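These are the residues of each chain, in order.
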Amino acid sequence: MIEIVDLHKSFGDNKVLDGVNLTISKGETTTIIGRSGVGKSVLLKHIIGLVKPDEGKILIDGEDITLCKNEKLVELRQRFGMLFQGSALFDSMTVQENVGLGLREHTKLPEEEIREIVREKLRLVGLSGVENSKPAELSGGMKKRVGLARAIAMSPEYILYDEPTTGLDPIMADAINYLIIRMKNELNITSIAVTHDIVSAYKISNRIAMIYEGKIIFVGTPEEVKNTDDPIVRQFVEGRATGIIKAV
Amino acid sequence: MGMRLVSYIGSKAIGFLADIGGVAILLKEILFNLPRLFKNFHLTTEQMVFIGVNSLPLIIFVSIFTGAVSSVQAAYQFHNYVPMRYLGTAVGKAVVIELGPVLTALVVSGRVGAAIAAELGTMKVTEQIDALETLAIDPIHYLVVPRFIAGITMLPILVLFSDLVAILGALVVAVVFVDVSAHTFLSGLKMFFHLSDLFAGLFKALIFGGIITTIGCYQGFKTTGGAEGVGTSTTRAVVISSVLILVADYVIASFLFG
Ligand SMILES: Nc1ncnc2c1ncn2[C@@H]1O[C@H](COP(=O)(O)OP(=O)(O)OP(=O)(O)O)[C@@H](O)[C@H]1O
Ligand SMILES: [Mg+2]
């Protein structure tokens, strides 16, 4: 279980998170929605300890990751996988090395076996035959999927997806939706996804949380989101430029 | 106007102090990560090839001319005042103590310091360093220590080559253009040759190697703001490490020879 308690974060004068509270239950997929620039990626980075908050805590099964250092942090992070919004593949390494890096660093598995796992993870995200390519040779959507394969390579308990379906064609996007659902159902993985893709959010989520002006203003099941009267949430999921949220 | 100037100077001074603190912390982290050096040693050997082997052609080229010009210059200054049998002495000392280490370091800082800052800076702005951390891999262990170790080991080796080639260049010029025989030149070289001078030069090289790689990594990690930021970091890495090399050269010289 992940508990985010009263999280505050500013960059200079730019107040991004202003008291975020959110609890993510074990074995569920929680999707975070909200406008561009509202702080969704920043929130994900807090959860895995890449960004330190100004105030507040994040409890990972009771352990506050914002206070963890060195060995403890390494130990916690090994239970996580993260897909970055911009993929963040290591451009000096091949696809195969990218996906296998965590395994090579943290396990004593023989090389044969690592290659087999890498092939398997790449197959799960619909990629084959690119093991020896460098990231620069891949399309945006392929990079995203390599990033996804890297995030799941260590079979983590928690996966953070920053826009997993952005930049994918609709069919591949849906395949990724199914992958996320399968990982939850078969492996009981707890996931937090950030997405602008409302269709995908409805499909993969147990719960959807909307972030607005630095706070979580709504949490509910996809059904509850569809039926809510909250004008801000309605405007967002219906994608209307006019309403309480100002488009420009 | 006056206030603006004061606050400008103030903010620069704070930035400067913050950088000193930042570099100190980086050095401390490098130190703490040294025990794990041999895990992933291939990263260090890769950097040794990049910093050492791949710099060699450039260093040899620069050193030939350094030696040649110091021979010509020394001969010009000796003319009618100092006997030419001391030509080898003067050139040898200058090369081994000063020219070899400093010029090698400046050339390497342009080639390697810039490359390190650009590579790590790009990794920083494209979130690759964040990605390493999410894989529970310490960027200090994975990126910085290999470069640092390669820097402090390869610089002395490069300087050895540089010394050798520069003296060779000086010898050739002495024989061909100054009309000093090879025998005279070499006996002058041997006359006051102290092994301690050579070691002083190599010790400097080690320090310079540390400066180049530490500053390169520090600037890389500090990069923000896309391609433009990478450009700024790269320039800074070269400028700052060049200045520090000269300052360190003076400090070491005044300790060893002062
Ligand atoms: N390292 C940083 N330094 C300074 N400001 C930052 C940093 N990271 C994020 N920000 C700021 O925090 C705010 C939130 O950024 P974030 O990337 O979390 O947005 P987002 O909700 O993920 O948007 P998008 O949907 O476009 O990805 C932005 O105003 C951004 O400028
Ligand atoms: Mg984002």
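Before reading on, note that the structure itself is shown above.
Cut-off values and rules
Residues numbered from 1 in each chain as written. Chains lettered and ligands numbered in written order. Predicted model: local features only at pLDDT ≥ 70, side-chain atom pairs only at ≥ 80, totals over all residues. Heavy atoms only, no water. Helix = DSSP H or I, 4+ residues; strand = E, 2+ residues; numbered from the N terminus. Buried < 20%, exposed > 50% of the residue type's maximum accessible area, 1.4 Å probe, protein only. Contact = heavy atoms within 4.5 Å. Areas by Shrake-Rupley, 256 points an atom, 1.4 Å probe, with all protein chains shown as cover. Lys, Arg positive; Asp, Glu negative; His and termini not counted. Charge placed at Lys NZ, Arg CZ, Asp CG, Glu CD. 1 Å grid on protein atoms, 1.4 Å probe; cavity = no way out; pocket = protein on both sides within 12 Å on 5 of 7 lines; lining within 4 Å. Points joined across faces, edges and corners; volume = space filled by probe spheres on them. Nonpolar A, V, L, I, M, F, W, Y, C, P; charged D, E, K, R; others polar. Donors = N, O, S within 2.8 Å, 3.2 Å for Na, K, Ca; no water. Pairing = 2+ DSSP bridges. Axes fitted to C-alpha atoms, helices over the stretch in contact; angles between N-to-C directions. Phe/Tyr/Trp six-rings, centres within 6.5 Å; stacked < 30°, edge-to-face > 60°. Parallel < 35°, antiparallel > 145°, perpendicular 65-115°, else oblique. Buried area = accessible area lost by both parts, 1.4 Å probe. Salt bridge = Lys/Arg side-chain N within 4 Å of Asp/Glu carboxyl O. Polar contact = N/O pair within 3.5 Å; in protein donor to acceptor, adjacent residues only side chain to side chain. Near = heavy atom within 4 Å.

(A) Quick look at the overall build of chain B. When you go through chain B residue by residue, the secondary structure sums to nine helices and zero strands. Taken from N to C terminus, the helices and strands of chain B fall in the order α-α-α-α-α-α-α-α-α. Projected onto its principal axes, the C-alpha coordinates of chain B cover approximately 65 × 55 × 30 Å. Going through the 258 residues of chain B one by one, you find that 48% of them count as buried. By sequence separation, contacts in chain B at least 24 residues apart represent 85% of the contacts at least 6 residues apart. Accessible area of chain B: about 12,700 Å², with a carbon and sulfur share of 74%. Across chain B, the mean location of the 14 positive side-chain charges is 4 Å away from that of the 14 negative side-chain charges.

(B) View of the layout of surface pockets. Roughly 1,400 Å³ of volume is contained in the largest pocket. Of all the elements in the fold, those that place two or more residues in the lining of the largest pocket are helix 2 (70-77) and helix 3 (95-106) of chain A together with helix 1 (2-33), helix 5 (128-134), helix 6 (139-178) and helix 8 (195-221) of chain B. Ranked by residue count, the leading element in the lining of the largest pocket is helix 1 of chain B, at seven residues. Of the residues that constitute the lining of the largest pocket, the class distribution is 16 nonpolar, six polar and 14 charged. Computed from the structure, the second largest pocket encloses a volume of approximately 520 Å³. S92(A), M93(A), L43(B), E46(B) and Y142(B) are, among the 22 residues lining the second largest pocket, the residues nearest its centre.

(C) Molecular detail of the environment of L106(B). Residue and element names in this part refer to chain B. With respect to the helices and strands, the residue L106 is situated in helix 4 (residues 87-125). With a relative accessible area of 27%, L106 lands in the partly exposed category. A sequence separation of 137 residues divides L106 from V243, and the C-alpha atoms of the two residues are 9.3 Å apart. Not counting residues up to four positions away in its chain, the partners in contact with L106 are S242 and I245.

(D) A look at the coordination of the magnesium ion (ligand 2). Looking at the magnesium ion (ligand 2), one finds its protein donor set to be S41(A) (OG) and Q85(A) (OE1), positioned 1.9 to 2.2 Å from the metal centre. Here Q85(A) lies in the loop between strand 6 (80-83) and helix 3 and S41(A) lies in helix 1 (residues 40-47), a separation of 44 residues in the sequence.

(E) Examining the sheet that holds strand 1 (residues 2-11) of chain A more closely. All names here are of chain A. The four strands are arranged 2-1-4-5 in an open sheet whose pairing can be described as antiparallel. In this open sheet, the two edge strands, each paired with only one partner strand, are strand 2 (14-24) and strand 5 (63-64). Where strand 4 (residues 55-60) and strand 5 come together, two bridges link them in antiparallel fashion. Paired with I60 across the two strands is E63, which belongs to strand 5. Against the sheet, helix 1 engages strand 1, strand 2 and strand 4, with an angle of about 120° to strand 1.

(F) Spotlight on the packing of aromatic side chains. All names here are of chain B. Applying the stated criterion to the full structure yields three aromatic pairs over all chains. Judged by centre distance (4.9 Å) and plane angle (25°), the rings of F38 and F41 are stacked. The class of F38 is exposed, set by a relative accessible area of 64%. Accessibility expressed as a relative area gives 27% for F41, which makes it partly exposed. Measuring from centroid to centroid gives 5.3 Å for F61 and F65, while their planes differ by 55°, and the two rings are tilted. Pair noted here: F61 and F65 are both in helix 3 (residues 56-78), with a separation of four residues, about one helical turn. On the basis of relative accessible area, F61 is assigned to the exposed category, the value being 53%.

(G) Molecular detail of the packing of helix 1 of chain B against helix 6 of chain B. Residue and element names in this part refer to chain B. At a minimum axis separation of 10 Å, helix 1 and helix 6 run at an interaxial angle of 95°. In terms of orientation, helix 1 and helix 6 fall into the roughly perpendicular class. For the pair helix 1 and helix 6, the contacting residues are L26, L27, E29, I30 and N33 in the first and I140, H141, V144, V145 and F148 in the second. Of the residues belonging to the contact of helix 1 with helix 6, the class tally is seven nonpolar, two polar and one charged.

(H) Representation of the interface of chain A and chain B within the structure. Listed as interface residues are 19 residues of chain A and, on the opposing side, 15 residues of chain B. Counting each side, the surface lost to burial between chain A and chain B is near 1,600 Å², with a carbon and sulfur contribution of 57%. It is R77(A), F90(A) and E105(A) that lose the most area in chain A upon contact with chain B, and together they represent 33% of the buried surface on that side. Across the chain A-chain B interface, the total number found is three salt bridges. Here E133(B) and R77(A) are joined by a salt bridge, their closest N and O atoms 3.1 Å apart. The tally of links between chain A and chain B comes to seven residue pairs in polar contact (both at pLDDT 80 or more). The element best represented in the side of chain A that touches chain B is helix 3 of chain A, accounting for three residues.

(I) Fine view of the site of ligand 1. Residue and element names in this part refer to chain A. Neighbouring ligand 1 are 14 residues; S36, G37, K40, S41 and Q85 lie closest to it. S36 is positioned such that a nitrogen or oxygen atom in its side chain is 2.5 Å from an oxygen atom of ligand 1. For ligand 1, an oxygen atom lies 2.7 Å from a polar atom in the backbone of G37. Taking 640 Å² as the accessible area of ligand 1 by itself, protein coverage stands at 61%. Elements represented by at least two residues in the shell around ligand 1 include exactly strand 2 and helix 1.

(J) View of the sheet that holds strand 10 (residues 215-220) of chain A. Residue and element names in this part refer to chain A. Judged by pairing direction, the sheet is mixed, and its six strands sit side by side in the order 6-7-8-3-9-10 without closing on themselves. Of all the strands in the sheet, the pair left with one neighbour each is strand 6 and strand 10. Going from strand to strand, the sheet's axes swing by 15° on average, the running direction of each strand aside. The sheet contacts of helix 1 involve strand 3 (29-33), strand 6, strand 7 (158-162), strand 8 (190-194) and strand 9 (207-212), and relative to strand 7 the element is tilted by about 160°.

(K) Representation of the side chain of S87(A) within the structure. Note on placement: S87(A) falls in the loop between strand 6 and helix 3. Among residues more than four places away in sequence, those in contact with S87(A) are K143(A), K144(A) and R150(A).

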